[in-house]
Amino acid sequence: GVGQFYQRAMVYHQEKWSRQHKALEPTEAEMAFDIPDKKVFTSYRYPYLDDQGTLYFYRSSFKRPGAFYTHTPDGKTERLQFQGITLDTYFSYSGGRLLWSEMGFDPRWGWKNYANIHMYDARTGHSTKLTSRSKIVSPDLSEAGDRIAAVQIDVQQNTNIVIIHAETGELI
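Since the model is a prediction, treat every value here as computed from it, not as a measurement.

Rules used in this analysis
Residues numbered from 1 in each chain as written. Predicted model: local features only at pLDDT ≥ 70, side-chain atom pairs only at ≥ 80, totals over all residues. Heavy atoms only, no water. Pairing = 2+ DSSP bridges. Helix = DSSP H or I, 4+ residues; strand = E, 2+ residues; numbered from the N terminus. Axes fitted to C-alpha atoms, helices over the stretch in contact; angles between N-to-C directions. Core = buried A, V, L, I, M, F, W, Y, C linked by side-chain atoms within 4.5 Å. Buried < 20%, exposed > 50% of the residue type's maximum accessible area, 1.4 Å probe, protein only. Contact = heavy atoms within 4.5 Å.

**Some thoughts on the sheet that holds strand S11 (residues 159-165)**
Part 1 of the reasoning: Judged by pairing direction, the sheet is antiparallel, and its 3 strands sit side by side in the order S9-S10-S11 without closing on themselves. Each end of this open sheet is capped by a strand with a single partner; those strands are strand S9 (136-141) and S11. Across this sheet, the average inter-strand angle for adjacent strands is 25 degrees, counted without regard to direction.
Part 2 of the reasoning: With 7 bridges joining them, strand S10 (residues 147-153) and S11 adopt antiparallel strand pairing. Its bridge partner lying in S11, Ala149 is registered against Ile163.

In structure tokens, the structure reads:
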């Protein structure tokens, strides 16, 4: 019946996958750097590689909160900035600057929340909150680094794409 079919299929595919796995050669990307603690599940997300070969990425684990990191060609891994409370760990990178959205809360009304854009400049080590009391998510920095495209959500839950000045946080 169905149970025997399932068992035969699993045995067949397990053998096939094992042969395929043994034939695989590690790629350069897999050997970019050693994973520090292989006993703890660690997630690496959204890698960006700059012109000098520095890798920017988001790393989180069950042991440590999520943060943005760099890994340089000489083998050094450094934490740049912790990410605050967020619904999405996505970030954008361009020209040495990281951009992401974090949740913000009204100090008086606990039910009111916001999504504000934050930027970290890896060259200076300075972090800036670009928007306040806004509902702007999924920011992406332009290649020139002067503008941000993002999604703004209004009180009726309608969404619009907006362009924001990268230095002031003002809508253009």
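**Points about the nonpolar core**
One broad rule of soluble globular proteins: the nonpolar side chains tend to lie buried together.
Part 1 of the reasoning: Residues Leu99, Ile117, Met119, Leu130, Ile136, Leu141, Ile148, Ala150, Val162, Ile164 and Ala166 constitute the largest nonpolar core, which totals 11 residues.
Part 2 of the reasoning: Sorting the residues of this core by element identifies strand S7 (113-121), S9, S10 and S11 as the ones contributing at least two each.
Part 3 of the reasoning: Apart from residues lying up to four places away in sequence, Ile164 is in contact with Ile117, Ile136, Asp146, Arg147, Ile148, Ala150, Gly169, Glu170, Leu171 and Ile172.
Part 4 of the reasoning: Membership of the second largest hydrophobic core comes to 9 residues, among which are Tyr56, Tyr58, Phe68 and Leu98.

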